[in-house]
Structure formats: structure tokens, C-alpha cells
Amino acid sequence: MSAVEWISPDQTDAWDAFVVRHPLGRVYHLSAWRKVLETSFAHIRGGFLALRDDNGQIQAGVPVYGVKSWLLKNRTVSVPFATISDPLISTREDFDLLWEPIEKTARQHKSKRIEIRIYRANIECLPHQMSPGAKYKHHYIPLDRSADELFRSFHDSCVRRRVKKAIRAGVIVEERQDIDSLRKFHAMLAATRRRFGLLPMPLAFFESMYRCLIPDHGALYLALYEGRPVGGSLALKFKDQWTVEYCGHFDDAPPGTDQLVWWHTVERAKNSGAEYFSLGRTSLNNEGLLDYKRRWGSVEEDLTDFVWLPGSAQASGKSQTSMLHGAGYAAVGLFQHAPERIRKYLGNFCYRHLG
């Protein structure tokens with residue numbers, strides 16, 4: 001008879017092996033991602049809920065995290081700060097057995113909502129209480145062609161010419177594994193977010209990714225111009241997919257630096273044997289970024305967060321997290337021109353409530 005249990009700390013190797021086996025398993029399901037989150041954010045704590053078969057093997061499971069916030073209210077999430085994730089289930093019966101302890105945990109956590117993020121799982125497997133919530137777009141590049149064919153599939157003036165321009169200017173890309181390079185990359189990312197009126201993400205989050213994911217599940221690339229770092233990307237890698245959602249450059253980087261870094265990372269992913277290169281998820285109201293990702297010859301697909309509000313039959317279309325982001329977009333001018341120490345303080349404050 002199947003048994004549901006929380007994975008104990010001494011069983012995380014068995015959980016990670018299950019994630020590797022499961023076709024929906026991603027880097028965000030791993031115990032390493034839990035360590036990233038819990039060492040970065042005091043308001044996030046998680047565990048792994050597993051369904052074992054008659055032989056004691058894990059046959060289904062869900063990472064379950066409590067996210068505490070007096071501003072956005074407590075919530076139960078699978079999985080915080082994940083670009084793409086799924087409950088690791090195969091049937092509706094699997095989730096039915098897992099749902100009761102998830103609901104019990106949410107009550108103990110005094111959660112105002114339960115959020116399940118869906119990528120490729122069959123939504124028919126979800127409990128009937130859950131309703132569609134926030135919606136996004138996901139873009140990925142299939143790596144089933146030669147490097148030359150891939151490059152020719154990119155937009156000419158917006159990608160290919162800019163890659164070549166950066167190369168002619170003397171920009172080179174190197175892989176780095178030292179903490180100083182990671183901190184330089186974070187400074188580039190903060191500069192890029194400032195240009196778009198967005199607050200910086202906490203340095204502690206990236207330092208945790210460095211410690212927990214690199215080199216097995218992460219790779220850091222820096223673009224160098226005249227010997228100094230001017231741009232970079234941080235890739236997460238697992239099984240057949242690489243994901244790049246964090247990239248940036250300094251204000252004085254030569255034109256085409258971003259495109260060259262992305263192209264270099266795509267090439268490294270292909271050479272590693274990966275089958276897909278994910279460009280991450282994008283808010284539906286970020287038309288500029290949506291257009292940019294489409295110019296990389298990417299496949300576009302829908303992503304939906306499913307939510308349940310205890311005591312409510314229907315979930316609202318907007319999550320509280322997305323509303324906080326919306327407030328951030330409304331304050332673009334303020335964030336662009338605020339002193340760096342104020343931006344850092346506001347970024348740390350906001351991310352203490354997100355997830």
C-alpha cells in the first residue's frame with residue numbers, strides 16, 4: 001500500500017535520485033535548491049513530500065515551501081523563485097494522496113493561499129480546488145541542430161550582427177568559478193536592473209547559488225573587454241536542459257556584449273549534450289523582453305500558476321507577488337535614479353516578501 005511521508009534530512013540523496021529519474025524533474029526540485037533558498041531567505045523554509053510504492057521507492061512527490069510575509073501574507077508554494085517547475089506526479093490519484101498533508105501544512109503555516117507552479121504536468125491531475133492564477137510565457141531554444149544552423153535561426157540585426165560586432169570589438173567570454181567573479185556579475189546584474197527601473201536582487205541569493213550549485217548544476221560566464229569584466233550570465237543546468245534567466249552588463253560594455261554572452265552560453269549548453277536552452281519565464285506585460293526572446297528563434301509556450309485560497313471557490317487572476325512586481329513597474333523612474341544604497345535596501349526589503 002502506498003505511503004505518504006516527509007523526506008527526512010538523511011534521505012535527501014534518495015529524493016535527488018528520484019528527481020533525476022522523473023521526466024518532470026528540474027534543478028528547482030533538488031535538495032540543493034532548497035539549500036539555496038533557505039540560506040538566502042529567512043522567510044522561506046521547505047520540505048519534500050513523497051509518495052512511496054509498496055517496495056518503498058519514491059513514485060511521486062512535491063517540494064513544499066512555506067513563505068512568510070506580513071506584507072503579502074503567508075503562503076505555501078511549490079517552488080519559490082523557480083522559472084519552471086511541476087509537481088512530480090503521474091496521475092490524479094498521486095496528487096489526491098499528497099494533497100491532504102499539503103493542505104494540513106498550509107493550515108499550520110497559516111497560509112492565505114497555496115500556489116502550485118505548472119510547466120508540463122497534466123493539469124487534470126491537480127485537485128479540483130485549484131484554479132488558474134498568474135500567467136507567464138516561457139521561451140526555449142531546441143538544440144537539435146548544428147551550431148551554424150542555430151546561429152542562422154537568430155534575428156539578423158538584433159542578434160547575429162551584434163554578436164559579430166562584440167567579437168570585432170575584442171570582447172571575449174570566459175567561464176569563472178571564483179566568488180570574486182560572482183560578485184562582479186551581481187554588480188552587472190544590478191546595473192542592468194537599474195537601467196530598466198527594477199530593484200537589485202539580493203547578493204546573498206547569488207552567493208548561495210555559487211556555493212550550492214556551481215559547478216555541478218551551475219555555470220558562470222563573464223564577458224571581458226580590455227581585460228575587465230563588462231557582462232555576464234549565470235546558467236543553471238540539469239539533465240537535458242540549461243536555463244539562463246540572470247544576465248547583465250555594465251553601462252560602458254561594448255554593443256553586443258549581452259548577445260555574445262548568450263550565444264556563448266548556448267554553444268556551451270549544446271556542446272555539453274543539452275537538448276534545450278531555456279530563456280526563462282516572462283511576465284505578459286513585459287513586451288520588450290518578450291520580443292527580445294522571440295528574436296532568438298525560440299519556442300514560446302504558456303505557463304500558469306495554479307492557486308487555492310482557503311475558504312474561496314475561485315482564485316484571483318493576479319497573485320500578490322505579481323501585484324508587488326506591478327507596483328515596482330509603476331515606480332520605474334524612482335528606482336532608476338535612487339542612490340545605490342537606497343536601491344539595495346529596497347531590493348532586500350522586497351525580496352524578503354517574494355517567493
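Look up: the structure comes first, before these words.
The rules behind each value
Residues numbered from 1 in each chain as written. Predicted model: local features only at pLDDT ≥ 70, side-chain atom pairs only at ≥ 80, totals over all residues. Heavy atoms only, no water. Disulfide = S-S within 2.5 Å. 1 Å grid on protein atoms, 1.4 Å probe; cavity = no way out; pocket = protein on both sides within 12 Å on 5 of 7 lines; lining within 4 Å. Points joined across faces, edges and corners; volume = space filled by probe spheres on them. Helix = DSSP H or I, 4+ residues; strand = E, 2+ residues; numbered from the N terminus. Nonpolar A, V, L, I, M, F, W, Y, C, P; charged D, E, K, R; others polar. Expected span 1.5 Å × (residues − 1). Buried < 20%, exposed > 50% of the residue type's maximum accessible area, 1.4 Å probe, protein only.

Visitor: What exactly am I supposed to notice about the state of the cysteines here?
Guide: A covalent bond between the sulfur atoms of two cysteines is referred to as a disulfide. The final tally for this structure, using the stated rule, is zero disulfides. Cysteine Cys158 remains unbridged, with the sulfur of Cys247 as its closest cysteine sulfur at 16 Å.

Visitor: Looking at this structure, I do not really get empty space enclosed by the protein. What am I missing?
Guide: To find the voids left in a structure, one rolls a probe of water-molecule size over its atoms. In total, this model carries two cavities of 30 Å³ or more according to the counting rule given. One number sums up the size of the largest cavity: a volume of about 50 Å³. Arg26, Val27, Tyr28, Ile84, Leu236, Lys237, Phe238, Gln241, Trp242 and Thr243 are the residues that line the largest cavity. If you list the elements that add at least two residues to the lining of the largest cavity, you get β9 (228-238) and β10 (241-249). Classifying every residue of the lining of the largest cavity gives six nonpolar, two polar and two charged. Of the pockets and cavities examined, the second largest cavity occupies roughly 40 Å³. Considering the residues around the second largest cavity, the lining is formed by Ala82, Thr83, Ile84, Ser85, Arg117, Ile118, Arg281, Leu303 and Asp305. Elements with a minimum of two residues in the lining of the second largest cavity: β5 (114-118) and β12 (299-308).

Visitor: Could you clarify how one ought to interpret helix α8 (residues 257-271) in this entry?
Guide: The α-helix advances 3.6 residues per turn, and as a result positions three or four apart in sequence lie on the same side. With 15 residues, α8 extends 21 Å between its outermost C-alpha atoms, agreeing within 8% with the 21 Å of an ideal straight helix rising 1.5 Å per residue. Taken across its 15 residues, α8 has eleven buried, putting it largely inside the fold. Residues Thr257, Asp258, Gln259, Leu260, Val261, Trp262, Trp263, His264, Thr265, Val266 and Ala269 constitute the buried set of α8.

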